[in-house]
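Remarks on the overall topology
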Amino acid sequence: MKTASLGFRVKSGWATTVLVGGPPASPQVLDHGIVQLSDPALPASRQPFHGGTGQEERDGRKVARRVAGIRRFARRSVADLIKRYRAAGHRLRGVAVVAGSDIEPERIANPHIRAHAQEGKLFRTVLEDGARRAGLRCVTLLERDLFTQAGGGGGRGRAGRWRAEEKAATLAAWLVLRGNR
């Protein structure tokens, strides 16, 4: 089995995924993609705390239904991804989830900004829960702290253009592979 780590960069309703393996001194990107955390057939599940353009959803029942649906959908998506990597012969060392913020939504006065913070927290926690359900160690890192924690590094991987979320997920997976945190 090949030792690897999985990195996620959380977005609203989805996450970039990068599987990194090999020796920590010279890691390689083994796979990358996107995992859906909300049902694409239900557009409201992508932003469950929004009630419309720039509005916070005020109907608690709607929000509760959306959140429950997201938890079920994300649980299956993350479990399927991890199962696929294990079936391919990867021994997962752990998971790193990269988030843009860790602010508690209740501390935000502006309802629209608070809705975004609630969504960030929800999608971050469904990834953390999915990793733990699979028996994997999970660390959550803030994007602004990644490069400081990495202190350099390198490796080989995928050619071509990289999006910022791919870079963040890759670096976070490498930190777990390296044994950080």
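One can find the structure itself at the top, above this paragraph.
Reference entry: report on the structure contained in this document.

Conventions and cut-offs
- Residues numbered from 1 in each chain as written.
- Predicted model: local features only at pLDDT ≥ 70, side-chain atom pairs only at ≥ 80, totals over all residues.
- Heavy atoms only, no water.
- Helix = DSSP H or I, 4+ residues; strand = E, 2+ residues; numbered from the N terminus.
- Contact = heavy atoms within 4.5 Å.
- Polar contact = N/O pair within 3.5 Å; in protein donor to acceptor, adjacent residues only side chain to side chain.
- Core = buried A, V, L, I, M, F, W, Y, C linked by side-chain atoms within 4.5 Å.
- Buried < 20%, exposed > 50% of the residue type's maximum accessible area, 1.4 Å probe, protein only.
- Pairing = 2+ DSSP bridges.
- Axes fitted to C-alpha atoms, helices over the stretch in contact; angles between N-to-C directions.

Considerations on the environment of Q118
Secondary-structure assignment places Q118 in helix α2 (residues 111-133). Leave out the neighbours within four places in its chain, and Q118 touches F49, E56 and P105.

Some thoughts on the side chain of E57
Within the fold, E57 resides in the loop between β5 (55-56) and α1 (60-87). Within the structure, the side chain of E57 is placed 3.0 Å from the backbone nitrogen of D59, a separation counted as a polar contact.

What about the nonpolar core?
Counting 28 residues, the largest nonpolar core has L6, F8, L37, V95 and L127 as its most contacted members. Going through the elements one at a time, β1 (2-10), β2 (14-21), α1, β6 (90-99) and α2 are the ones with two or more residues in this core. At eight residues, the largest contribution of residues to this core is made by α1. If we ignore the near neighbours within four places in the chain, the residues touching L37 are G13, W14, A15, I70, F73, A74, V78, F123, V126 and L127. In this structure, V139, L146, W174 and L175 belong to the second largest nonpolar core, which totals 11 residues.

What about the sheet that holds strand β7 (residues 138-142)?
Here five strands make up an open sheet; going across it, the order is β3-β2-β1-β6-β7 and the pairing mixed. Edge positions in the sheet fall to β3 (28-36) and β7, since each of these pairs with one other strand and no more. Strand after strand, the sheet turns through a mean of 25° between neighbouring axes, direction not considered. With eight bridges connecting them, β1 and β6 associate as parallel partners. The partner of L6 across the bridge, within β6, is V95. Helix-sheet contacts for helix α4 (residues 164-178) involve β1, β2, β3, β6 and β7, and the interaxial angle to β2 is about 45°.

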